[in-house]
Amino acid sequence: MVGRFSGDPPQPRKAIFRRFFHPKTGQEIDRGLLLWFPGPSSFTGEDCCELHVHGGSAVSSAIIDALGSVSGLRYAGPGEFTRRSFQNGKLDLTEVEGIADLINAETEAQRRLALRQMNGALAKLYAAWKDKLLKNVAHLEAFIDFSEEENIEDGVTQAVFDNIVEVQQDIQRHLQDSRRGERLRTGVHLAIVGRPNVGKSSLLNTLCGRPVAMVSPVAGTTRDVIETTLNISGYPVIVSDTAGLRHTNEELESEGVRRAIERY
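Summarised in this report is the structure supplied together with it.

Procedures and definitions
Residues numbered from 1 in each chain as written. Predicted model: local features only at pLDDT ≥ 70, side-chain atom pairs only at ≥ 80, totals over all residues. Heavy atoms only, no water. Helix = DSSP H or I, 4+ residues; strand = E, 2+ residues; numbered from the N terminus. Rg over C-alpha atoms; globule rule 2.2 N^0.38 Å. Buried < 20%, exposed > 50% of the residue type's maximum accessible area, 1.4 Å probe, protein only. Contact = heavy atoms within 4.5 Å. Areas by Shrake-Rupley, 256 points an atom, 1.4 Å probe, with all protein chains shown as cover. Lys, Arg positive; Asp, Glu negative; His and termini not counted. Charge placed at Lys NZ, Arg CZ, Asp CG, Glu CD. Phe/Tyr/Trp six-rings, centres within 6.5 Å; stacked < 30°, edge-to-face > 60°. Salt bridge = Lys/Arg side-chain N within 4 Å of Asp/Glu carboxyl O. Pairing = 2+ DSSP bridges. Axes fitted to C-alpha atoms, helices over the stretch in contact; angles between N-to-C directions. Parallel < 35°, antiparallel > 145°, perpendicular 65-115°, else oblique. Left-handed = near helix turned anticlockwise from the far one by under 90°. Nonpolar A, V, L, I, M, F, W, Y, C, P; charged D, E, K, R; others polar.

Take the overall build of the protein chain next. Along its length, the protein chain carries 10 helices and six strands. Its C-alpha atoms give the protein chain a radius of gyration of 29 Å, more than 25% over the compact-globule value 18 Å for 264 residues. Here the C-alpha coordinates of the protein chain stretch approximately 80 × 75 × 30 Å along the principal axes. By the burial criterion, 29% of the 264 residues in the protein chain qualify as buried. Counted over contacts in the protein chain with a minimum sequence separation of 6, partners at least 24 positions apart contribute 45%. By element, 54% of the accessible surface of the protein chain is carried by carbon and sulfur atoms, the whole surface being about 17700 Å². Positive and negative side-chain charges of the protein chain, numbering 31 and 35 respectively, have mean locations separated by a distance of 10 Å.

The subject of this paragraph is the packing of aromatic side chains. The way to describe two aromatic rings as a pair is by their centre distance and the angle between their planes. Tallied over the entire structure, the rule returns one aromatic pair. Between Tyr126 and Trp129, the aromatic rings sit 5.5 Å apart at their centres with planes inclined by 35 degrees, giving tilted as the arrangement. Taken together, the positions of Tyr126 and Trp129, both in helix H6 (residues 121-146) and three residues apart, correspond to about one turn of that helix. Tyr126 gets classed as partly exposed once you look at its relative accessible area, which sits at 33%.

Turning to the pattern of salt bridges, a few remarks are in order. Note that side chains of opposite charge can pair when their charged atoms are close. Inspection of every chain in the model, using the stated rule, returns 11 salt bridges. A salt bridge links Glu80 to Arg83; its shortest N-O distance comes to 3.7 Å. Residue Glu80 and its partner Arg83 are both found in helix H3 (residues 80-87); the two are separated by three residues, about one turn of the helix. The class for Glu80 is buried, based on a relative accessible area of 7%. Between Glu255 and Arg259 there is a salt bridge whose closest N-O contact spans 3.0 Å. Of this pair, Glu255 and Arg259 both sit in helix H10 (residues 251-263), four residues apart, roughly one helical turn. In this structure, a network of salt bridges that share partners links the residues Glu46, Arg74, Glu80, Arg83 and Arg84.

Spatial ordering of the open sheet is given by S1-S2-S3, a layout of three strands whose pairing is antiparallel. Each having just a single partner strand, strand S1 (16-21) and strand S3 (48-52) make up the two edges of the open sheet. Going across the sheet, the axis of each strand differs from the next one's by a mean of 45 degrees, ignoring polarity. In this structure, S1 lies alongside strand S2 (residues 28-37), joined through six bridges in antiparallel fashion.

Another aspect to go through is the packing of helix H4 (residues 93-104) against helix H5 (residues 108-118). Running from amino to carboxyl end, H4 crosses H5 at an angle of 155 degrees, the nearest separation of the two axes being 7 Å. As the angle between them shows, H4 and H5 are arranged roughly antiparallel. Seen from above, H4 lies across H5 with left-handed handedness. Taking contact as the criterion, the partners of Thr94, Glu95, Glu97, Gly98, Ile99, Asp101 and Leu102 in H4 are, on H5, Arg111, Ala114, Leu115, Gln117 and Met118. Split by residue class, the contact of H4 with H5 holds five nonpolar, three polar and four charged.

This part is about the pairing of S2. The hairpin formed by S1 and S2 contains six residues between the paired strands, and Gly26 there has a positive phi angle of roughly 80 degrees. Two strands pair when backbone bridges link them, and S2 and S3 are joined in this way by five bridges, in the antiparallel orientation. Note that in S3 the partner of Leu34 across the bridge is Leu51.

Spatially, the three strands line up as an open sheet ordered S4-S6-S5, and their pairing is mixed. The sheet is open, and its two borders are formed by strand S4 (188-192) and strand S5 (226-232), each paired with just one other strand. Going from strand to strand, the sheet's axes swing by 25 degrees on average, the running direction of each strand aside.

We now examine the environment of Gly194. Secondary-structure assignment places Gly194 in the loop between S4 and helix H9 (200-208). Its relative accessible area of 15% is what places Gly194 among the buried residues. In the structure, Gly194 is positioned 126 residues away from Gly68 in sequence and 59 Å away in space, judged by C-alpha atoms. Residues within four places of Gly194 in sequence aside, it is in contact with Lys200, Ala243, Gly244 and Leu245.

Here you go:
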């Protein structure tokens, strides 16, 4: 397929400057860089080719049309390259999740956390737990099978028990981290709650540096919950302005007060 677009196949993993031609008409489309990654030494573990062309809409459309004219080629589905990489053993599920988090990262702290997971930090931790468990299973099986026939050291069962307890404690500490990773991924939620006309909306506008919420001397201006996301020192914070807390017979304002209490 590569040869039909640009002539002879390039050397693997080297950027080559080439002219790209339509495989049916032979008309030149553009000039750019061609990279060839034969499997399994590629992101997906399969043969992959990259075309680096100019970013104009006409060029992109012509390239897509040319690719579409080749039998067997189609658009990749959402996340298909990552899925193939997982299926071919190039990534595990924690690394796949890290890629998704990195794509969706909006703050510096989110980017660092996602990159750390994508680079295998969680996979290494879980692999270490797995290795400890397998090693202790092997010791226990050896004790059961050979303790009466071979010179098995005393205290094997106690050592196995102590090691299992240690792994259990490590897992519990990992799970009881106040869900810091999830909070960083989804953001910290902060609700501004108080009585009417005490400056809640003004505080939100000051934090955002722009007029997100309407401000008025008339009590009960804010009826619904107004949300905005802030980047505070690299951490995502979702700030909500709410209706002033007071007893009222006005239906819409009462609903706003109820929603404010829910957020609180």
